[in-house]
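Residue strings, one per chain:
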Amino acid sequence: FPVTIVFASPAESYVDKRLDLNDLIIHNVYSTFYFKYSGPDTLGVKKGSILVIDRAIQPSEGDLVVITDRLCHKIRKYEGQTNLWGKVTWVLEKK
């Protein structure tokens, strides 16, 4: 009887990790929130874009932020506002 010897491929046990957007865009899972923007196109943000906001990051002058005005959230450039809700870290837009 003939004997066949088979060697396993060195790459057989290698499993490539799938790309996970959570790993890329979230720094702190407990302070990160997503909003679907429904306002008019402004500051480079288009209606329907997904905003990723991190409430734990202190913004710098000129950063895109979400501010609160009673029950309404608005996006603005940061200029030392005291009604700051969080810093926009990513704007995800469908192409």
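Here the structure is a predicted model, which means the values were calculated and not measured.

## A closer look at a nonpolar patch on the surface
Okay, so step 1: A grouping of Leu19, Leu21 and Leu24 is seen on the molecular surface, where their side chains present a nonpolar patch of about 340 Å² in accessible area.
Okay, so step 2: Relative to the helices and strands, Leu24 is located in helix H1 (residues 21-25).
Okay, so step 3: Judged by its relative accessible area of 46%, Leu24 is partly exposed.

## Observations regarding the pattern of salt bridges
Okay, so step 1: Following the criterion strictly, the structure yields 3 salt bridges and no others.
Okay, so step 2: Among the ionic pairs, Asp63 bridges to Lys87, the shortest N-O distance being 3.3 Å. Taken together, the positions of Asp63 in the loop between strand E2 (50-54) and strand E3 (64-69) and Lys87 in strand E5 (residues 84-92) put the pair 24 residues apart, joining distant regions of the chain. Like Asp63, the residue Lys87 is buried in the burial classification.
Okay, so step 3: One salt bridge in this structure joins Asp69 and Lys74, with 3.2 Å as the shortest N-O distance.

## With respect to the sheet that holds strand E4 (residues 72-77)
Okay, so step 1: The 5 strands lie next to each other as E1-E2-E5-E3-E4, forming an open sheet whose pairing is antiparallel. Edge positions in the sheet fall to strand E1 (32-36) and E4, since each of these pairs with one other strand and no more. Direction aside, the axes of adjacent strands within the sheet are offset by 35° on average.
Okay, so step 2: One ladder, built from 6 bridges, connects E3 with E4; its direction is antiparallel. Bridge assignment links Thr68 to a residue of E4, and that residue is His73.

## Examining the nonpolar core
Across soluble globular proteins, nonpolar side chains have a tendency to be buried as a group.
Okay, so step 1: Counting residues in each nonpolar core, the largest one holds 9 residues, listed as Tyr37, Val45, Leu51, Ile53, Leu64, Val66, Ile75, Trp85 and Val88.
Okay, so step 2: Elements supplying a minimum of two residues to this core: E2, E3 and E5.
Okay, so step 3: Each residue touching Trp85, except ones within four places of it in the same chain, is listed here: Phe33, Phe35, Ile53, Arg55, Val66, Ile67, Thr68 and His73.

## Considering the packing of aromatic side chains
Okay, so step 1: Under the criterion given, the structure shown has 2 aromatic pairs.
Okay, so step 2: With a centroid separation of 5.2 Å and 65° between ring planes, the pair formed by Phe33 and Trp85 is classed as edge-to-face. Residue Phe33 is found in strand E1, and its partner Trp85 is found in strand E5; the two are separated by 52 residues along the sequence.
Okay, so step 3: When the centroid spacing of 5.3 Å and the interplanar angle of 75° are considered together, the rings of Phe35 and Trp85 count as edge-to-face. Remark: Trp85 occurs in strand E5 and Phe35 occurs in strand E1; sequence separation between them is 50 residues.
Okay, so step 4: In this structure Trp85 comes out as buried when scored by relative accessible area, which is 16%.
Okay, so step 5: Taken together through their ring pairs, the aromatic side chains of Phe33, Phe35 and Trp85 make up a single cluster.
Okay, so step 6: In this structure, Arg55 packs its charged tip against the face of Trp85, placed 4.2 Å from the ring centre.

Conventions and cut-offs
- Residues numbered from 1 in each chain as written.
- Predicted model: local features only at pLDDT ≥ 70, side-chain atom pairs only at ≥ 80, totals over all residues.
- Heavy atoms only, no water.
- Patch = residues over 30% accessible without salt bridge, like charges linked within 9 Å, V, L, I, M, F, W, Y side chains within 5 Å.
- Areas by Shrake-Rupley, 256 points an atom, 1.4 Å probe, with all protein chains shown as cover.
- Salt bridge = Lys/Arg side-chain N within 4 Å of Asp/Glu carboxyl O.
- Helix = DSSP H or I, 4+ residues; strand = E, 2+ residues; numbered from the N terminus.
- Buried < 20%, exposed > 50% of the residue type's maximum accessible area, 1.4 Å probe, protein only.
- Pairing = 2+ DSSP bridges.
- Axes fitted to C-alpha atoms, helices over the stretch in contact; angles between N-to-C directions.
- Core = buried A, V, L, I, M, F, W, Y, C linked by side-chain atoms within 4.5 Å.
- Contact = heavy atoms within 4.5 Å.
- Phe/Tyr/Trp six-rings, centres within 6.5 Å; stacked < 30°, edge-to-face > 60°.
- Lys NZ or Arg CZ within 6 Å of the ring centre and 35° of its normal.

Remember, this is a structural readout, not a statement about activity or role.
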